[in-house]
Amino acid sequence: MREWVEKARLGDAEAFGQLMLHFRGMAYAVSYDMLKDVHLAEDAVQDAFIEAYQNLEKLQNPAAFPGWFKTIVVRQCQRMLRRKHHSVLPLDEAVQVSGGVLGLAEVAERREESQVLQQSVKALSAKLRVPLRLFYFYGYSLQEISDYLGTPVPTLKKRLHDARRKLKGTLPVADLVSVFNHLYEGGQNMLHIVNGDVVGEMLKQGVVQGDVLVWREVYPAGPIFANPAGAEERALRGRVLEETMGIPASEFITACEEQEQKLREFIKYDEVVLWFEHDLFDQSMLAYLLHWFKKQKLGRTKLSLLCIGEFPGIERFHGLGQLTPAQLQTLSGTWRTIERQEMELGSELWQAYASPDPAQMANLLEDKKAELAASGLPFAYEAFTAHLKRLPSERNGLGIVEQTTLQTVHNGVDTPLELFRQVTDVLHVLGMGDLEYWKFIRALVQGEHPLLMIDGDEAGLDFRQIPDFLNRKVILTELGNEVLNGSADRIAVQGIDEWFGGLHLHGREVSWRWDDVAGELVVRH
């Protein structure tokens, strides 16, 4: 959000468009609550966006945009109220005009239920009614609502609890339980799927109730297939991961079978929540799971998503593993319903990622950029673009990981440990772990024409066995310097044997390259 504000302040119309997409539902909920007229509410929102755009340079703190914009919306509504021009529109019709409903509104499948819901919600006080509409009808997180309304998250939780308690007397009990109970009043019959044992263990410490499934995979490494559960595909993937990352193939296969068995039991849960982050490591995992769920009959099971790329107070957010249990607790219940659109997009991303033709991914990202940004998958575009940048560059044959590594050594970093810290910090969008990064280092130091040398690394020796390896000295070779400055091509002199999703590049000539200058794929015939 901050990035959109900063770009919009510089005149980036596309960035302001993203702000409009993100805050339109929020602005509409507030304006409709004040004006009680769908047309006037739409006019107020449109006028508020125009006023915000014209005065954006006056906003000194981008983080203050939600509250600042809400003030503009309220002011526009007050102007219209002074003109004494407002009429009543049934809530179900107003929600349809706003572009769809989430959460609680799903129970209003029949018009008579919608009328009951309308009257019940209208009877609530404004302090209960507005947060309820924003959270359940429009799917905004508690933190987003807090920023917009200027109300602390704990207070919002209390108001939502009070609103639910008041509604219990008027709404169908079964529907109310199916929507509310598992979020705030229990959650025992839930399955939380997360990446990483650290996060999984913290969730089990009372952050959430229900079962936790840690999805253990490294989809940015090794061969990827549209159906990775096939016997031949899994055997090949296990063998490559063992050779390149030291993960025993037998253990990998057993772990995959166990977690997939747990996944197949999803139907017994009321809700499955996917907890993922912004980087390629997580986005590829999320794409696979959405692809898998798209092929299932969900029945009564609700599928939800919590996906974040930042957290208040953390300057460089790498992932949920950075958070304390108390910080994770603030995210509990802020997930949003996964709609059919997200499952379709996730499935398309996975299939493109698994394709041996990287142009399929490039074309998909270009065609669906706006749709991804407006969906529950706003981080997918940047993550999978970073995936394409891992391909050998047209200039010198280095992918983005190798290029950043050699440049970092050239800048003075001279130990594997500090290299790992700095490179993964710069390339946080990839979400690389240590095993994955050492795979890249190994390719740079081995062979007859190494680009890097590590003190004590003899030919053919597994450098992970070198005593005190992390603090050994790293040196950029003369060839490494030549490749770095573009006077030599890494692929031509060193060769490559690497998987990029479903694409396998090997040998000293490769068809696919990435043009750093044009920012696009290049095909060599």
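Rules used in this analysis
- Residues numbered from 1 in each chain as written.
- Predicted model: local features only at pLDDT ≥ 70, side-chain atom pairs only at ≥ 80, totals over all residues.
- Heavy atoms only, no water.
- Axes fitted to C-alpha atoms, helices over the stretch in contact; angles between N-to-C directions.
- Helix = DSSP H or I, 4+ residues; strand = E, 2+ residues; numbered from the N terminus.
- Parallel < 35°, antiparallel > 145°, perpendicular 65-115°, else oblique.
- Contact = heavy atoms within 4.5 Å.
- Nonpolar A, V, L, I, M, F, W, Y, C, P; charged D, E, K, R; others polar.
- Pairing = 2+ DSSP bridges.
- Buried < 20%, exposed > 50% of the residue type's maximum accessible area, 1.4 Å probe, protein only.
- Arc of directions from axis to C-beta.
- Expected span 1.5 Å × (residues − 1).
- pLDDT = per-residue confidence, 0-100.
- Salt bridge = Lys/Arg side-chain N within 4 Å of Asp/Glu carboxyl O.
- Phe/Tyr/Trp six-rings, centres within 6.5 Å; stacked < 30°, edge-to-face > 60°.
- Core = buried A, V, L, I, M, F, W, Y, C linked by side-chain atoms within 4.5 Å.
- Left-handed = near helix turned anticlockwise from the far one by under 90°.
- Polar contact = N/O pair within 3.5 Å; in protein donor to acceptor, adjacent residues only side chain to side chain.

## Observations regarding the packing of helix α20 (residues 400-410) against helix α22 (residues 434-445)
Between α20 and α22, whose axes approach to 10 Å, the crossing angle comes to 70°. As summarised for this structure, α20 and α22 are arranged roughly perpendicular, according to the angle between their axes. Between α20 and α22, the residues in contact are Val 401, Glu 402, Thr 405 and Leu 406 and Tyr 437, Phe 440, Ile 441 and Leu 444, respectively. Counted by class, the contact of α20 with α22 contains 6 nonpolar, 1 polar and 1 charged residues.

## Regarding the sheet that holds strand β2 (residues 211-214)
Read from one edge of the open sheet, 5 strands run β2-β1-β3-β4-β5, paired in mixed fashion. Strands at the two margins of the open sheet, each flanked by one partner only, are β2 and β5 (336-337). Across 5 bridges, the pairing between strand β1 (residues 190-194) and strand β3 (residues 271-277) is parallel. When the bridges of β3 are listed, His 192 appears paired with Val 273. Lying over the sheet, helix α14 (residues 280-294) contacts β1, β3 and β4 (302-308), oriented at roughly 155° with respect to β3.

## Let's talk about helix α11 (residues 197-207)
Among all positions of α11, only Val 199, Gly 200, Met 202, Leu 203 and Val 207 are buried. Each buried residue of α11 sits inside an arc of 165° when the element is viewed along its axis, so together they form one side. Across α11 from its buried face, at more than 90 degrees, point the exposed residues Val 198 and Gln 205. Elements in contact with the buried residues of α11: β1, β2, β3 and α15 (325-329).

## Some thoughts on helix α16 (residues 340-354)
Between its first and last C-alpha atoms α16 spans 21 Å; for 15 residues at 1.5 Å apiece the expected length is 21 Å, and the two agree. Among the residues of α16, those classed as buried are Glu 342, Met 343, Leu 345, Gly 346, Ser 347, Leu 349, Trp 350, Ala 352, Tyr 353 and Ala 354. If you follow the buried residues of α16, they end up packed against α14, β4, β5, α17 (359-367), α18 (369-374) and α19 (380-389).

## Some points on the confidence of the model for the protein
Mean pLDDT over the protein: 82, with 85% of residues reaching 70 or higher. A low-confidence stretch, residues 84-114 (pLDDT under 50), is modelled with 64 contacts involving residues beyond four sequence positions or located in other chains. Between residues 172-187, whose pLDDT stays under 50, and residues either more than four places distant or in other chains, the model counts 40 contacts.

## Regarding the pattern of salt bridges
Evaluation of the coordinates by the stated rule reveals 17 salt bridges. Across the salt bridge formed by Glu 260 and Arg 234, the nearest N and O atoms sit 2.4 Å from each other. In this pair, Glu 260 sits in helix α13 (residues 249-264) while Arg 234 sits in helix α12 (residues 231-245), placing the two residues 26 residues apart along the sequence. Judged by relative accessible area, Glu 260 falls into the buried class, the value being 11%. In this structure, Arg 490 engages Glu 402 in a salt bridge whose closest nitrogen and oxygen atoms are separated by 3.4 Å. Note that Arg 490 is positioned in helix α24 (residues 490-494) and Glu 402 in helix α20, a separation of 88 residues in sequence.

## Some words on the packing of aromatic side chains
A full pass over the atoms with the stated rule returns 18 aromatic pairs. Residues Phe 65 and Trp 68 carry aromatic rings whose centres are separated by 5.8 Å and whose planes lie at 50° to one another, so their mutual orientation is tilted. Of this pair, Phe 65 and Trp 68 both sit in helix α4 (residues 65-82), 3 residues apart, which is roughly one turn of that helix. Where Phe 266 meets Trp 292, the ring centres are 5.8 Å apart and the plane angle is 85°; that geometry is what we call edge-to-face. Taken as a pair, Phe 266 in the loop between α13 and β3 and Trp 292 in helix α14 lie far apart in primary sequence, 26 residues in all.

## Focus on the nonpolar core
A general tendency of soluble globular proteins is for nonpolar side chains to be buried together. Of all hydrophobic cores here, the largest spans 89 residues; its most connected members are Ile 193, Leu 274, Phe 293 and Leu 349. Ranked by residues supplied to this core, first place goes to α14 with 10 residues. With sequence-adjacent residues up to four places away left out, Leu 349 is seen in contact with Ala 287, Met 361, Leu 364, Leu 365, Leu 372, Leu 377, Ala 380 and Phe 384. The next biggest cluster of nonpolar side chains, apart from the first, holds 46 residues, and it includes Val 5, Ala 8, Val 73 and Met 80.

## Some words on the packing of α12 against α13
Put simply, α12 and α13 touch, their axes get as near as 8 Å, and they point 130° apart. With respect to α13, the axis of α12 lies oblique. Here the hand of the crossing between α12 and α13 comes out right-handed. Contacts between α12 and α13 pair Arg 234, Ala 235, Arg 237, Gly 238, Arg 239, Leu 241 and Glu 242 from the former with Ala 249, Phe 252, Ile 253, Cys 256, Glu 257 and Glu 260 from the latter. Partitioned by chemical class, the residues of the contact of α12 with α13 number 6 nonpolar, 1 polar and 6 charged.

## Quick look at the environment of Val 510
Looking at the secondary structure, you find Val 510 in the loop between β9 (503-507) and β10 (512-515). Between the C-alpha atoms of Val 510 and Val 523, which are 13 residues apart in sequence, the distance is 8.9 Å. Setting aside residues up to four positions removed in sequence, Val 510 forms contacts with Pro 392, Ile 491, Ile 496, Leu 505 and Arg 524.

## Digging into the pairing of β2
Alignment of β1 against β2, held across 4 bridges, turns out to be parallel. Its bridge partner being in β2, His 192 is matched across the sheet by Val 212.

## Focus on the pairing of β9
Sheet topology note: the strand β8 (residues 496-500)/β9 ladder contains 5 bridges and is antiparallel. Within the sheet, the bridge partner assigned to Ile 496 lies in β9 and is Gly 507. Between the antiparallel neighbours β8 and β9 lie 2 residues, among them Gly 501 with a positive phi of about 65°.

## What about the side chain of Arg 237?
Structurally, Arg 237 can be placed in helix α12. On the basis of relative accessibility, which here comes to 3%, the residue Arg 237 falls in the buried class. Within the structure, the side chain of Arg 237 is placed 2.7 Å from the side chain of Glu 217, a separation counted as a polar contact. Only 2.7 Å separates the side chain of Arg 237 from the backbone oxygen of Ala 221, close enough to count as a polar contact.

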